[in-house]
Each structure stands twice: as C-alpha cells, then as structure tokens.
There are 2 protein chains.
Amino acid sequence: MKVIRSNLDRTLNPQSIAVIGASDRPGSLGYRTMANLNGFSGRLYPVSLRLAQIGEHSCYPTIDDLPEPPDCAVIAVPAAAVEEQVEACARRGTGGCVVFASGYAELDDPQGSAAQDRLRTIARDAGMRLLGPNTTGFAHFASGAHAGFAEFPGGFAEGQKAIALVSQSGALGLALAQSAMHGTGISHVLTCGNSSDLDVADLVTFLTKQAEASAIALVFEGISDPARMIGSVRGAVAGGKPVAVCRVGSTEEGAAAVRWHTGTDPHRTFPWDEALREAGAFLVPEPDALIEAATFLAKTRNLEKTGHLPRLGILSSSGGTGILAADSAARAGLPLARFDTETVRILAKALPSFASPRNPCDATAQATSNPDLIVQCAETILSDANVDALVLPWGKAWDAGSFGTLSDVAAAKGKPICLVWMSQWLEGPGAPAAELRPSLCLFRSMERCMRALSESRR
Amino acid sequence: MKVIRSNLDRTLNPQSIAVIGASDRPGSLGYRTMANLNGFSGRLYPVSLRLAQIGEHSCYPTIDDLPEPPDCAVIAVPAAAVEEQVEACARRGTGGCVVFASGYAELDDPQGSAAQDRLRTIARDAGMRLLGPNTTGFAHFASGAHAGFAEFPGGFAEGQKAIALVSQSGALGLALAQSAMHGTGISHVLTCGNSSDLDVADLVTFLTKQAEASAIALVFEGISDPARMIGSVRGAVAGGKPVAVCRVGSTEEGAAAVRWHTGTDPHRTFPWDEALREAGAFLVPEPDALIEAATFLAKTRNLEKTGHLPRLGILSSSGGTGILAADSAARAGLPLARFDTETVRILAKALPSFASPRNPCDATAQATSNPDLIVQCAETILSDANVDALVLPWGKAWDAGSFGTLSDVAAAKGKPICLVWMSQWLEGPGAPAAELRPSLCLFRSMERCMRALSESRR
C-alpha cells in the first residue's frame, strides 16, 4: 500500500532531497549543505550545471533531469536565480523548497517584500511548501536529513528522551542546538527565517506527529497570525507534546528590532503570555533556560498531575548546597515536604551520625564516596507520600555511576528527580551521562530547576 | 632583612607545610592532601608515626622532629586525635592549623561545641590561627600550596585577571572552582567550614593584600559578627579588590538549615543586603551567577566610573541574538545608546547592504566569516561618545580569532566589552580563549550580563 504523504511531511521528513546549487567549493552554501547531508539515509540528488560528480554522488544538470520529483529541494543559489528555481521545483512536483537567500521582506525596501510574495505565490499555486527565504534550513536527525547550511549538532541515544527545536532565527537555533555537545537529546532543529509560507506554527504542527520528539522547544519573534500560533501550540500539548516557549522581541526595544530583522510583525498588542499559558505552553523568559525546560518536559510528560505545587524533598551531599536548594525553593514559592517519621527513622539509620535526616537532608560527603547511599536515600524520600519531587544538588561534574539507578527510581515512583549541577564546569564529564537517562532531569541552575518545578504544577 | 610575617599570612600563604596524618592509603584525607601538595614550591613535611617515606618525601614521626616550625600544619587525623595535635602545633610555633575533622559545632550536641571551643582556645592562647574544623582546606595556586583534601581546580595564565574564591562550604567552593575547567582564572580557593577562628571576614581581609587576586567571589552562610564581615568587605573594596557576594541561607527555610549545617548563625535580622551594598559589594542572588560577576569585576575594576547606568551598544552577527540583547537590556532597565550619525555612516559603509547599522547593530552572518568586521564595528561603536559599554552576543562556542584584538579595543577605549555566550554548549572550545583576555568579559547568560552591567553603574 502506498501511503500518500502531505507536502509538509515530504518537506520536513523527506525520503529524497535535491540540492540545487550543490558545490565542491568549501565554504559555499551548496558545499556546506552537501557536507551536512553526508549521513542522509534517503536518496540525495545534487543539481549542478557545472559539475558531473560531487564525492560519490552523480550530479544532475537541472531538477527536470532527476529520476523522480524530490520530496525536498534545497535552493542554494544566489537571490537573483532563486525565483526560476522555485518555479522549476513547482513544475516538477517537489514537496517543498528550502530557500537560503537573503534580501527579501527583511529589507527596508518594498522590492524585497514583492519578491518574497512572488515566491510564496508560485509555491502556493502548486501546493508546494516553502521554508524561508532567509533561513538556515532544518535537520531531522533520525534520518540524517540535514537540509541546511548551518552545522546544527544533534541526535539522541536509544531510549533517550529527545526534544525538537523550532526557531525563526537560524543563529538562535544553532546556539540552542549546541546543547547537544553536553548531551541533550535533539530530534529536530527546524528554522524558518522570513516565514513566507511555513512559519513556526506549521513547524510545531508538523512535530506534533513526530514520534522522536518528546517535547518542543520554541523560540520565535513575529508571526502573521497569532491565533494560528496559539492553535498549533494547543494542538501539540493536547497531542502529548509539551511545548516550552521563549518569545524574542517581548519588550518594546526588542519588538522594534524584530521588524527590521525578519520583516515579521511581533504583534505587541496581542496578549502572548496569557494566550500561550492558556494553550498549555511552558513560558521561559530567557533563552538560556529553554533547553533545560524542554528536556524537563520531555522527561516528565507522562507523570500524573497532582494539581498542586510539588512538595519538595531535598537530598544533598553537602550542607551548603542543601541550604541553597531550600533558599531557591522558598524564592520560587515551593513548599518543602515535611518528612514522615518513618522516613526520618530510615534515613537516620542509613546515614552517618553527623548527617541530617531532616529536609533538606544532608547525606554529607560520605555520599560522594558511596553512591548507593544517595540511591537508598532518594528511594526512601520518594516513597514518602508527603513528597512530590526530589531535588538533588550535585557538586561535582562527574557521574558517580548512580544516574541510571536514580532514573529508574524516579520512573518507578512516578515522581521527578531533578539533578542540579552546582558545578561551574557547566559541561563537565558527567552531564551527558545524566542527560541520557529518561527519568532523570538535569539543570545547570538551581533557580531554573525551581522555576520548572513551579511552572509544571504537577 | 628578615620580614616578620603575620600568622594569618603564614597560614594561608605558607613557605612550609606539615601534613599531620600524611598517608599512602589512596582515598584517605592524608593521602589526598599529599597528592594536592605535589606542586608545592615550598618545604613540605609529612608527619607520620607509621611511615618513613611518602613518595620522594621523608616523613617525620612528630611535629617536634621537623627542622623548623611550619608556617602551616594540616591536621588530617580522626577527630579523637585532633586536640593533642593542635596542642603540639601550638607548642612548636606553627603559624596556623587546618583541621578537616567533623563532629564539632555543626552537631546538635553541646559536646561538639565544647570540643570546638577548646581547639580555639588552644590556638588563640598561642597566637596560632585555626582554619576549620569541618573544612576542606584551601588552595593558593601561585605557590601550589593546596593545603586541602578537595581537588580544587584553579590557576591562571600570565596576564590573565584571576579571582579568589571564599566559601564557608567546601562543596560550594569546589562547585565554583570547577569554573577553572572552562578557563576562569582562579588565584585562591579558601574554605573555612565551622569558622572557629578564621572566618570568611578574615579570609577576605587576607586576600585584600594578595596581588594575584583581581577580585573576590564570596559565598557565605553565617558569621558570628556581621559588622566584622561588612568591615572586611569595605576594606577589600577600598583597597581595590572588588567583592561579589552570594549569601546562602537568605530565606527563612535556608537559614533554618544553616544552623544545623555549620552551627553558625545566619543573623536573619541583620540587614545584610543593605549593609553589603553600602560597603561596595556586588550582590548576586544565585551562586551560578557569582563567578561571571567576580570575573567581570576583575576585568573592569580599573575603568573610570561614569556615575550613570551604562548606555549600551549592541553588536551581533544575527538579528535574533541582537533582539534578545535589546529585550534583556530593557528588562534590566539599561538604556540602548543612540548612535551618532557619524557612527551610523561608518558602520553602513563597513557592513553589507542587508545588515543594520542601527542599535542593535546586526552585522549579519558575514561577520562570522570575517572576524575583522566585528573588530572594526566594535571599535567604531566604542568610539561613539554616546556608548558606555558594548554587548556582543556570541552564537557559536568557538573563538573566531578576534578575542585578543577585542580585548585590546576595550582596554584602549576604557569601556567594557561583554561577550555573551548564546551557545548552550556552555563550556565550548572558545570559552578559555575569551576568559584569558584581560579586558574581555564573558557571560553565559544575557540576563546575567545585563545584571552585571546594571549593578556596576559605571
């Protein structure tokens, strides 16, 4: 049975990709795109009038010479030649085009907007989708469809909960995707630049059906239709894909700069925060908190909601970091759990005499030389019916070997364990080991951990 | 001429160190301390009744057998044997002792407090100083006097501006010191645990005279005498050593935990924030912001104050990150500079036509392939009399090769350049290259950058 796929699906999850303007000149967009597509599991068609071969791939002089209409065509030619290539793609039955070139609606010039409108009309008349112009493209890591010139890092291990990134800005997409270098699982990076056809709302809608993405991290500036944006977020959340959102251009000064950046409208008068929150989004004020928030959502989305703020247990291997956690919880308005007497009794028995079995529980430096002790205490605390979530301040940037067991404990109890990296070695050799675990949430800031727990209101 | 050194100086900047309880048993405190002292440039005396030799060092049976009274004696023996060793050190004319053992005033037990009082009395009667008990020790990286069992990373390159860390908690000291792994210059890590004699106020006073420290990062819980603490901060600031402070136990919940952690009093009713600010300290609410703030102070301490909030220039290589910077400045209440027409003219000439010469200035992705362009624009913007500081959002975790020149531009103009790491690869290969530069300030969060600039009010 042949499955009929939508052109949105063909564009962003392609089985065949044409690169128009493929090149062997290092640094050129056509060269960089071919390099990024090196691991593509589908059929790759470089299109070049000049070259017969690029690496192991034979080139085709024009898109009409391809053996099939491509699902996705990357247009890596100068702005002046873009329009005729978009037309050729539309004629050929291409699912969608990715247009890198700049010089469209982002300019202070009606000619730029007119040229962008023409591209959109060509695409829409043919039912073809268009990503861009002025975009860095996208990456779909499961298939290796990295149809862009930016070197987005990404990917995920088997069993790891991965997040998908959606950004209007390619530079921000790249900045956020670099979290993959410390172990964050990333399924997709999708950037849409000027959003002439596909905008962030479409990208969120696309991701709602993608199994590899456990949550969506969204950073956006302007959009033509706020209601569509809110609708796509509501649909994603309802479909089991939580969405963390950072809105760029939220201040008057930022909004002014948005208008001359991508030529899109930030809709300053629209009540963004209220509408996004009502749609079920998790709002993040700063982009540096976005990845942790989305990963937290990816790892906790299947937990049962309690409907009240989580009552925290805190378990540290030093008094100081436990106190910091208590401070931070208080600032975030989160209650510390009162341990049951049975919990205190079990903890007191397990811990050395100079440790504290109260909440925050200080297991002392003994815990750093005996990782089993932390696991045992974590299990005891999460078994307490008064505790909804456990916060574990982690002072050293190493994996004590217990991350797998801690993740299992969290999954078994159906309550989150948040590991908070107190180390200022912000990547640190232990970080990927923690990111990998499906039920262990990693934060690089106590404040951001508390904000995530507070916002989650499970 | 023989210089008479104070016992405070002898303790924390020793030319000779005795390790009482030196050991060849891996994992033991005596072993770990000997390993940390491997690079010590002074005279090292292991003291052991059991061993004749540790590595290349001959052991001495007791402290009385040493060829000289040591400047500093590390007491790495179990709590039960500590008191007699402190007495022996006092008799021998030791400058100061470092006591690792726990089980003193941090216990819920008057016997613990009494034992701690006895140690202090022995030391004070002899004029000897005492660091601890319940401390992880200290590290003085210029001399290699790493008189502690925690593996504090640290050190600094020639010409780099280094910060000194002061912490009551050893675990927090270690967590913060790990910033050395991404390139932060660290001259000292000093931790004092229960603070029976030397407390954080003494450590700050000591650092005021240490040339290697360009600024002080202080994290503390309780102290017996708030006025002394404030006095030491005021003295450091007046002496040209700016102090960034993060106060642990600032909430009611945190303060309760402080009391049972180090047995010190957080003095909740004392108006800490007001008093510290009046003394010239730079307050930091979260510990994850402390290192960046202190390093910012170290790199900008010699710049002239303007007395008003800095008017910012923003220079980005992508529209999105420039907008984020404008948003963040607005939230922090910092004004964007209005560029002089001459500035706009020079920028427009240097930049491609689709770039923006306004503030925030978007030099576009062209700047990422041409690092000279960023330097040229930075120099133009900082030459504008309307601009007090330049913020540079940096999307990729690499050094474009321009950090040295940018640092020189900042120094020549006498205005700070703040590089803001937008990349979520939080260490990233470029970070040490930026940290190294004496006049280029690196931040890993736009919000923290704006907070530092706002607090500095230059």
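In short, a report on the structure. Residue numbers run consecutively from 1 along every chain, following the written order of its sequence. Whichever chain is written first becomes A and whichever ligand is written first becomes 1, with later ones labelled in order. Note on the predicted model: pLDDT of at least 70 is required for a residue's local features to be given, and 80 or more for side-chain atom pairs to be given and counted; whole-chain, interface and lining totals, by contrast, use all residues. Each side-chain value is derived from all of the structure's non-hydrogen atoms; neither hydrogens nor water enter the calculation.

## A look at the sheet that holds strand β2 (residues 43–47) of chain A
Residues and elements named next belong to chain A.
Okay, so step 1: The pairing criterion is simple: DSSP has to find at least two bridges between the two strands. Each helix is a run of DSSP H or I of at least 4 residues and each strand a run of E of at least 2, with the numbering of both proceeding from the N terminus. Ordered in space as β2-β1-β5-β6-β7, the 5 strands form an open sheet in which the pairing is parallel. Either end of the sheet is taken by a strand with one partner, and the two such strands are β2 and β7 (129–131). Within the sheet, the average angular offset between the axes of one strand and its neighbour, ignoring direction, is 20°.
Okay, so step 2: Across 3 bridges, the pairing between strand β6 (residues 96–99) and β7 is parallel. Each residue of the ladder has a partner; that of Cys 97, found in β7, is Leu 130.
Okay, so step 3: Residue contacts are defined here by distance: any two heavy atoms, one from each residue, within 4.5 Å place the two residues in contact. In this description, a line fitted to the C-alpha atoms serves as the axis of each element, helices being fitted only across the stretch in contact, and the angle between N-to-C directions of two axes falls anywhere from 0 to 180 degrees. Strands β1 (16–20), β2 and β5 (72–75) of the sheet are contacted by helix α2 (residues 29–36), whose axis makes an angle of about 160° with β1.

## Quick look at the packing of aromatic side chains
Residue and element names in this part refer to chain A.
Okay, so step 1: Ring pairs shown here join Phe, Tyr and Trp side chains whose ring centres sit within 6.5 Å, with only the six-membered ring taken for Trp; geometry is labelled stacked below 30 degrees between planes, edge-to-face above 60, and tilted in between. By the definition in use, this model includes 14 aromatic pairs over all chains.
Okay, so step 2: Seen from their ring centres, Phe 100 and Phe 149 are 4.8 Å apart, and the 80° between their planes marks the pair as edge-to-face. Residue Phe 100 is found in the loop between β6 and α4 (110–126), and its partner Phe 149 is found in the loop between β9 (145–148) and β10 (162–167); the two are separated by 49 residues along the sequence. Phe 149 carries the same exposure label as Phe 100, and that label is buried.
Okay, so step 3: An aromatic cluster is built from Phe 220, Phe 270 and Trp 272, whose rings are joined through pairwise contacts. When a residue's accessible area, from a 1.4 Å probe over protein chains only, is under 20% of the maximum for its type it is buried; when over 50% it is exposed; and in between it is partly exposed.

## Observations concerning the interface of chain A and chain B
Okay, so step 1: With 61 residues of chain A at the interface, the matching set in chain B holds 62 residues.
Okay, so step 2: Buried area: the accessible surface (1.4 Å probe) lost by two parts on joining, summed over both. Here chain A and chain B share an interface that buries about 5000 Å² over both sides, 64% of which is from carbon and sulfur atoms.
Okay, so step 3: Salt bridges, as used here, are contacts in which a Lys or Arg side-chain nitrogen is within 4 Å of a carboxyl oxygen on Asp or Glu. Here chain A and chain B share 2 salt bridges between them.
Okay, so step 4: The closest approach of N and O atoms between Lys396(B) and Glu151(A), which form a salt bridge, is 4.0 Å.

## Notes on the environment of Arg92(A)
Residues and elements named next belong to chain A.
Okay, so step 1: Within the secondary structure, Arg 92 is located in helix α3 (residues 79–92).
Okay, so step 2: For Arg 92 and Pro 352, which are 260 residues apart along the polypeptide, the C-alpha to C-alpha distance reads 74 Å.
Okay, so step 3: Beyond its immediate sequence surroundings of up to four residues, Arg 92 is in contact with Ile 63, Asp 64, Leu 66, Pro 67, Glu 68, Pro 69 and Pro 70.
Okay, so step 4: Here the side chain of Arg 92 touches Ile 63 through a polar contact of 3.0 Å, landing on its backbone oxygen. A 3.5 Å cut-off defines polar contacts: any pair of N or O atoms within that distance qualifies, except that in protein one atom must be a possible hydrogen donor and the other a possible acceptor, and neighbouring residues in sequence count only when both atoms are side-chain atoms.

## Examining helix α8 (residues 252–259) of chain B
One turn of an α-helix holds 3.6 residues; hence residues three or four places apart share an orientation.
Okay, so step 1: Among the residues of α8(B), those classed as buried are Gly254(B), Ala255(B), Ala257(B) and Val258(B). Angularly, the buried residues of α8(B) cover 160° about the axis, an arc narrow enough to put them on a single face.
Okay, so step 2: Turning to α8(B), the residues buried within the fold contact α11 (319–331) of chain A. What the arc measures is the spread of directions leading from the helix axis to the C-beta atoms.

## Remarks on the state of the cysteines
The term disulfide refers to a covalent linkage connecting the sulfur atoms of a pair of cysteines.
Okay, so step 1: The criterion for a disulfide is a pair of cysteine sulfur atoms lying within 2.5 Å. Within the structure shown, the criterion is met by 0 disulfides over all chains.
Okay, so step 2: There is no disulfide at Cys377(A), and the cysteine sulfur nearest it, in Cys361(A), is 5.2 Å away.

## Re the relation of the copies chain A and chain B
Okay, so step 1: Superposing chain A onto chain B takes a rotation of 180° plus a shift of 0.0 Å along the axis, which leaves an RMSD of 0.0 Å. Both copies are brought into coincidence by an operation consistent with a two-fold rotation axis.
Okay, so step 2: Both copies contact each other with a shared surface, as 100% of the interface residues of chain A are interface residues in chain B too. C-alpha atoms of residues with pLDDT of at least 70 in both copies form the basis for the least-squares superposition of the copies.

## Points about the packing of helix α14 (residues 371–383) of chain A against helix α15 (residues 403–413) of chain A
Residue and element names in this part refer to chain A.
Okay, so step 1: Look at α14 against α15: their axes get within 10 Å of each other, and the N-to-C directions meet at 10°. When the interaxial angle is binned, α14 and α15 end up roughly parallel. By crossing handedness, the relation of α14 to α15 is classed as right-handed. Judged by residue contacts, Ile 374, Val 375, Ala 378, Glu 379, Leu 382 and Ser 383 of α14 engage Thr 405, Leu 406, Val 409, Ala 410 and Lys 413 from α15.
Okay, so step 2: In the contact of α14 with α15, the residues fall into 7 nonpolar, 2 polar and 2 charged. By definition in this entry, angles of less than 35 degrees are roughly parallel, angles greater than 145 are roughly antiparallel, angles of 65 to 115 are roughly perpendicular, and the rest are oblique. Crossings are assigned a handedness: left-handed for a near helix turned anticlockwise from the far helix by less than a right angle, right-handed for a clockwise turn. Amino acids outside the nonpolar list (Ala, Val, Leu, Ile, Met, Phe, Trp, Tyr, Cys, Pro) and the charged list (Asp, Glu, Lys, Arg) are all regarded as polar, and Gly is one of them.

## Some details on unusual backbone geometry
Negative phi is the rule for most residues except glycine; trans is the rule for most peptide bonds.
Okay, so step 1: Following Asn359(A), the chain continues to Pro360(A) via a peptide bond in cis, the omega torsion being 0°.
Okay, so step 2: Structurally, Pro360(A) can be placed in the loop between α12 (341–350) and β16 (361–362).
Okay, so step 3: Phi is positive for Asn134(A), which is not a glycine, with a value near 65°.
Okay, so step 4: Tracing the chain through its elements places Asn134(A) in the loop between β7 and β8 (137–140).
Okay, so step 5: With relative accessibility at 22%, the residue Asn134(A) sits in the partly exposed group.
Okay, so step 6: In the Ramachandran plot, Ser195(B) falls in the positive-phi region, its phi being about 60° despite a non-glycine side chain.
Okay, so step 7: Mapped onto the secondary structure, Ser195(B) falls in the loop between β11 (186–191) and α6 (200–208).
Okay, so step 8: Look at Ser195(B) and you get buried, because its relative accessible area is 16%.

## Focus on the packing of α6(B) against helix α7 (residues 226–238) of chain B
Residues and elements named next belong to chain B.
Okay, so step 1: Direction vectors running N to C along α6 and α7 enclose 15°, while the axes themselves pass 8 Å from each other. Judged by the angle between their axes, α6 and α7 are roughly parallel. Classified by chirality, the crossing of α7 by α6 is left-handed. Only Arg 228, Met 229, Ser 232, Val 233, Gly 235 and Ala 236 of α7 make contact with α6, whose side of the interface consists of Val 200, Ala 201, Asp 202, Val 204, Thr 205 and Thr 208.

## Observations regarding the sheet that holds strand β16 (residues 361–362) of chain B
All names here are of chain B.
Okay, so step 1: One open sheet accounts for 5 strands, arranged β16-β15-β17-β18-β19; its pairing is parallel. The open sheet terminates on both sides in strands that have one partner only, identified here as β16 and β19 (440–443).
Okay, so step 2: Bridge count between strand β18 (residues 417–421) and β19: 4 bridges; the pairing is parallel. When the sheet's bridge partners are listed, Val 420 is paired in β19 with Phe 443.
Okay, so step 3: Where helix α11 (residues 319–331) meets the sheet, it contacts β15 (312–316), β16 and β17 (389–394), and its direction lies at approximately 160° from that of β15.

These figures come from the coordinates and say nothing about function on their own.
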